[in-house]
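Structural features, examined
Below are the chains, spelled out letter by letter.
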Amino acid sequence: MDSKYDVKEVTWLHPASDPLMKMFNGYRCTLAVIPACELKMFDKIAAHPEGISAARLAEQHSWSSSYTARLLDAQASFGLLKKTLGPDNIGIYHITESGKYMVSDFEGSFDGIFTLFSKVFLKSYSLIPELIKTGDEGDKAHWVLPELQINGSADKQCPQDQSHCTENKKPEGYQAKADKIRCAGQFAGQKPGENERRMYQIMVAQMYPYTDEIIHAFDLSRFKTVVDIGGGQGYLSFALSRGYPDMKITVMDMPHVIKFVREEFRPHDFDKLNVTYLEGDCLKDPIPVASLYIFCKVLHHFTEEKIEYVISKLHEKLPSGGAVLILEDTLSPTRDGPPPSHCFDLMLMARKVGKDRTFPEFASTLERCGFTKIKCILTNPECIYDVIMAIKD
Ligand SMILES: Nc1ncnc2c1ncn2[C@@H]1O[C@H](CSCC[C@H]([NH3+])C(=O)O)[C@@H](O)[C@H]1O
């Protein structure tokens, strides 16, 4: 470092506390990104490819110039913005490659996701002590959190139901806390359905960087008919159709979900893709004949019995050589990693909507359903998609 003072850089490592410091600092960084997301700062900076100063940005939006600069500097420290020095040493901010993921019209955008995490998901974890103490084992066994119900139903309910939202003097049980979190999930002024859109956008954002790896983890070219069960917004199906143009793919999901996603998540090239939608509950309604059935981030919402029921049914239906493909973030066989999978498992536990499993657990369920050839590709912890393929003899 060039300085007229005596400056020396050192690295102090403390193996015992470093993992904790890393975790804590990651959490702090997340908190500091949220206000920038809420102000749509990344969209506003992306609108200036030549870069923009804090003062000009503040002036355009009637914000405080000095506070804006401090918030932007923090984003630059996370690598989401690049700060260069312009004339008179004024900081000019540009979007970085990582920062692009915070811009709302980017396909794999994290826009709004940090907000949803801070207002809803992180609070969900506060339900865990209550759950541990009461041992209440009920499993709702449906995937969607009450505050994220499709059609904005929860968005509409909450304002009339202020009792949960105001300070409550009574001791709170699990349900009271859960209701309160539901209300906290309704953001002022947001349009109905916004939470659902964010929820499905989270799934796109999580998959986006690994899309090519996921669709080519196994060579799927021999499968010509595919049903993506619980396909949600259809992102995986669209990617498969682009990667395997001969594949005929059906996105099957609950009727209210299909009605919502076909409006909200239709890609610009939809007409060129070989993808259709099907409204249906895979546990009750007929599933079309296919050579490959996919469950991507669906089975963690099902109990063992439900998984066995639906997969046995598919095993019967499949031709020889046909397969079931499961994408899940598996826990290690000894259940002590990877951390993101445990965090997700605890979230499912807190909301009583399912659980994560190990690969051996999935494998033995698949064996009970009649499969003998079972393969798995385990991915790095950042990627929450391990890929399991079970092929019918
Ligand atoms: N019984 C069911 N039948 C059909 N879809 C279901 C069922 N239960 C849950 N789902 C859907 O499963 C999805 C889980 S979220 C995963 C969405 C998508 N596969 C992705 O990875 O991005 C939701 O869209 C649910 O509506």
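Residues numbered from 1 in each chain as written. Predicted model: local features only at pLDDT ≥ 70, side-chain atom pairs only at ≥ 80, totals over all residues. Heavy atoms only, no water.

Relative to the 18 Å expected for 13 residues at 1.5 Å per residue, helix α14 (residues 339-351) spans 19 Å between its end C-alpha atoms, a close match to the ideal helical length. For α14, the full list of buried residues reads Ser341, Asp345, Met347, Leu348, Ala350 and Arg351. Lys352, located one to two residues past α14, shows a positive phi value of around 55°. (Helix = DSSP H or I, 4+ residues; strand = E, 2+ residues; numbered from the N terminus. Expected span 1.5 Å × (residues − 1). Buried < 20%, exposed > 50% of the residue type's maximum accessible area, 1.4 Å probe, protein only.)

What follows deals with the packing of helix α13 (residues 304-317) against helix α15 (residues 359-368). Look at α13 against α15: their axes get within 9 Å of each other, and the N-to-C directions meet at 45°. By the angle class used here, α13 and α15 are oblique. The two elements α13 and α15 cross, and the hand of that crossing is right-handed. For the pair α13 and α15, the contacting residues are Glu304, Ile307, Glu308 and Ile311 in the first and Thr365, Leu366 and Arg368 in the second. Here the contact of α13 with α15 is built from residues that sort into three nonpolar, one polar and three charged. (Axes fitted to C-alpha atoms, helices over the stretch in contact; angles between N-to-C directions. Parallel < 35°, antiparallel > 145°, perpendicular 65-115°, else oblique. Left-handed = near helix turned anticlockwise from the far one by under 90°. Contact = heavy atoms within 4.5 Å. Nonpolar A, V, L, I, M, F, W, Y, C, P; charged D, E, K, R; others polar.)

Around the ligand sit 18 residues, and of these Tyr200, Gly230, Asp253, Asp281 and Cys296 come closest. Taking Gly230, its main chain carries an N or O atom lying 2.8 Å from a nitrogen atom of the ligand. Bound to the protein, the ligand loses 96% of the 570 Å² it would expose on its own. Split into classes, the residues belonging to the shell around the ligand amount to 10 nonpolar, five polar and three charged. (Near = heavy atom within 4 Å. Polar contact = N/O pair within 3.5 Å; in protein donor to acceptor, adjacent residues only side chain to side chain. Areas by Shrake-Rupley, 256 points an atom, 1.4 Å probe, with all protein chains shown as cover.)

As a further point, take the layout of surface pockets. To locate leftover empty space, one rolls a probe as large as a water molecule over the atoms. Roughly 420 Å³ of internal volume is contained in the second largest pocket. If you trace the second largest pocket, you find 20 residues lining it, with Phe106, Glu107, Gln201, Glu264 and Phe265 closest to the centre. Contributing elements (two or more residues each) for the lining of the second largest pocket: α9 (194-207) and α11 (235-243). Among the residues making up the lining of the second largest pocket, the classes are represented as six nonpolar, six polar and eight charged. (1 Å grid on protein atoms, 1.4 Å probe; cavity = no way out; pocket = protein on both sides within 12 Å on 5 of 7 lines; lining within 4 Å. Points joined across faces, edges and corners; volume = space filled by probe spheres on them.)

The grouping of Phe24, Tyr27, Leu31 and Leu122 at the surface amounts to a nonpolar patch, some 360 Å² of accessible area in total. Here the nonpolar patch takes three residues from helix α1 (residues 18-38), the largest share from any one element. Accessibility expressed as a relative area gives 39% for Leu31, which makes it partly exposed. (Patch = residues over 30% accessible without salt bridge, like charges linked within 9 Å, V, L, I, M, F, W, Y side chains within 5 Å. Salt bridge = Lys/Arg side-chain N within 4 Å of Asp/Glu carboxyl O.)

Our focus in this paragraph is unusual backbone geometry. Residue Pro338 is bonded to the preceding Gly337 through a cis peptide linkage, with omega at -15°. Here Pro338 is to be found in the loop between β8 (323-328) and α14. One non-glycine residue, Asp88, adopts positive backbone phi at about 60°. As for its position among the elements, Asp88 is in the loop between β2 (81-85) and β3 (91-95). Residue classification places Asp88 among the exposed residues on the basis of a relative accessible area of 71%. A positive phi angle, near 55°, is found at Lys297, a position not held by glycine. On the secondary structure map, Lys297 appears in the loop between β7 (292-296) and α13.

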